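Summary of the model geometry
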Amino acid sequence: MRAAVTAEALEKILPAGGVATKPGGETVRTREVVEAWPLLVARLGADEARWVLLHTAQGDAVRLPDRPVQRESNARFRVQYAYARTCAMTRNARELGFDAEPADIREVGETEAQGQALRELFAAIAEYPATIEAAARHRAPDRVARHLEVTADAWLRCHDVCPPLPVGEEKPSAVHRGRLALAEAAGTVLANGLHLLGISTPDRL
């Protein structure tokens, strides 16, 4: 079952990573796979089942949870939640009458803590193409899953110290537009990575 789910993910990751060769290993859905997958989905849900199988590095034992946990202690939920938050930022910004506008990260962070959070998020976003290429080269979708965790955590930290939306009586400014652009870039990475893993991207959670 794990080999089949991994092969499905690699069919999407390989072209994205610029690798033309087909994935190796078992790709045929055996009777065991066909019978086991519905049971796992019934137990965990399709998103959680795929995440558990794909997040674990090849060669490591897969640890199946008793049930999915819909809170931020669950990495899969945290990634989906972070993506949904980026969508919420865009919706709320439009209600306030402003859109994203790319800016130098030095212009959208005033304190040391803000600057650190912004740099971490920017680094995670910038590293995404190399992560996909490495995942394709090594036939390792777990690299994508772990990078999505890093990106989600960086975005959630950044959101806490560098809110993309005005607070209180603040008016939308270039700072907010720049932060929103970074949030939307994070959302693009999260959505793209989840798609490659075959996991849904709800824009509201």
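Since this is a predicted model, take the numbers as computed values, not measurements. (Residues numbered from 1 in each chain as written. Predicted model: local features only at pLDDT ≥ 70, side-chain atom pairs only at ≥ 80, totals over all residues. Heavy atoms only, no water.)

Counting secondary structure elements, the chain contains 7 helices and 0 strands. Overall, the chain shows an N-to-C arrangement of helices and strands of α-α-α-α-α-α-α. Against the globule reference of 17 Å for 205 residues, the chain gives a C-alpha radius of gyration of 19 Å, in line with a compact fold. Here the chain, with 205 residues, has 44% of them falling under the buried criterion. If you sum the accessible surface of the chain, you get close to 10800 Å²; carbon and sulfur atoms cover 51% of it. Placing the 26 positive and 28 negative side-chain charges of the chain at their respective mean positions leaves the two points 4 Å apart. (Helix = DSSP H or I, 4+ residues; strand = E, 2+ residues; numbered from the N terminus. Rg over C-alpha atoms; globule rule 2.2 N^0.38 Å. Buried < 20%, exposed > 50% of the residue type's maximum accessible area, 1.4 Å probe, protein only. Areas by Shrake-Rupley, 256 points an atom, 1.4 Å probe, with all protein chains shown as cover. Lys, Arg positive; Asp, Glu negative; His and termini not counted. Charge placed at Lys NZ, Arg CZ, Asp CG, Glu CD.)

The first and last C-alpha atoms of helix H1 (residues 2-16) sit 21 Å apart over 15 residues, in line with the 21 Å expected at 1.5 Å per residue. Along its length, H1 reaches its greatest deviation from straightness, about 30 degrees, at Leu10. Those residues of H1 that sit buried are Arg2, Ala4, Val5, Thr6, Ala7, Ala9, Leu10, Ile13 and Leu14. (Expected span 1.5 Å × (residues − 1). Bend = angle between axes of the 7 residues up to and from the residue.)

Position of Leu53 relative to the elements: it lies in helix H3 (residues 46-55). Sequence separation of Leu53 and Asp142 is 89 residues, and the distance between their C-alpha atoms is 8.7 Å. The residues touching Leu53, leaving out its near neighbours within four places in the chain, are Met1, Arg2, Val5, Trp37, Leu40 and Val62. (Contact = heavy atoms within 4.5 Å.)

Under the 1.5 Å per step criterion, the end-to-end length of helix H7 (residues 174-197) is 35 Å for 24 residues, consistent within 8% with the ideal 34 Å. The first or second residue beyond H7 is Gly198, which carries a positive phi of 80 degrees.

Attention shifts here to the nonpolar core. In terms of nonpolar packing, the biggest core is built from 50 residues, with Ile13, Trp51, Leu121, Leu148, Trp155 and Leu197 touching the most fellow members. Those elements that place two or more of their residues in this core are H1, helix H2 (31-44), H3, helix H4 (75-95), helix H5 (112-138), helix H6 (141-161) and H7. Here this core takes 10 residues from H7, the largest share from any one element. The contact partners of Trp155, leaving out residues within four places of it in the chain, are Ala82, Arg85, Thr86, Met89, Leu121, Pro164, Ala183 and Ala186. (Core = buried A, V, L, I, M, F, W, Y, C linked by side-chain atoms within 4.5 Å.)

With that settled, consider the environment of Asn74. Relative to the elements of secondary structure, Asn74 occurs in the loop between H3 and H4. Given a relative accessible area of 9%, Asn74 falls into the buried group. A sequence separation of 26 residues divides Asn74 from Glu48, and the C-alpha atoms of the two residues are 9.5 Å apart. Of the polar contacts made by the side chain of Asn74, one reaches the side chain of Glu48; its length is 3.2 Å. (Polar contact = N/O pair within 3.5 Å; in protein donor to acceptor, adjacent residues only side chain to side chain.)

The next thing to look at is the side chain of Asp142. Within the element layout of this structure, Asp142 appears in helix H6. Exposure remark for Asp142: the relative accessible area of 4% places this residue in the buried category. The residues touching Asp142, leaving out its near neighbours within four places in the chain, are Leu54, His55, Thr56, Ala57 and Gln58.

A complete count under the given rule lists 1 aromatic pair for this structure. Between the aromatic rings of Phe77 and Tyr81, the centroid separation amounts to 6.1 Å while the plane-to-plane angle is 15 degrees, which identifies the pairing as stacked. Here Tyr81 and Phe77 lie together in helix H4, a separation of 4 residues that amounts to about one turn. (Phe/Tyr/Trp six-rings, centres within 6.5 Å; stacked < 30°, edge-to-face > 60°.)

Turning to the pattern of salt bridges, a few remarks are in order. Think of it this way: side chains of opposite charge can pair up when their charged atoms draw near. As enumerated under the stated definition, the model contains 9 salt bridges in all. Two residues, Arg78 and Asp153, come together in a salt bridge whose shortest N-O distance is 2.6 Å. You can see Arg78 sitting in helix H4 and its partner Asp153 sitting in helix H6, a full 75 residues away along the chain. Accessibility expressed as a relative area gives 14% for Arg78, which makes it buried. Across the pair Arg137 and Glu133 runs a salt bridge whose closest N-O atoms are separated by 3.8 Å. You can see Arg137 and its partner Glu133 sitting in helix H5, 4 residues apart, about one turn around the helix. Take Arg137: its relative accessible area is 48%, and that puts it in the partly exposed class. One salt-bridge network, in which partners are shared between bridges, spans Arg78, Glu149 and Asp153. (Salt bridge = Lys/Arg side-chain N within 4 Å of Asp/Glu carboxyl O.)

In short, shape yes, function no, at least from these values alone.
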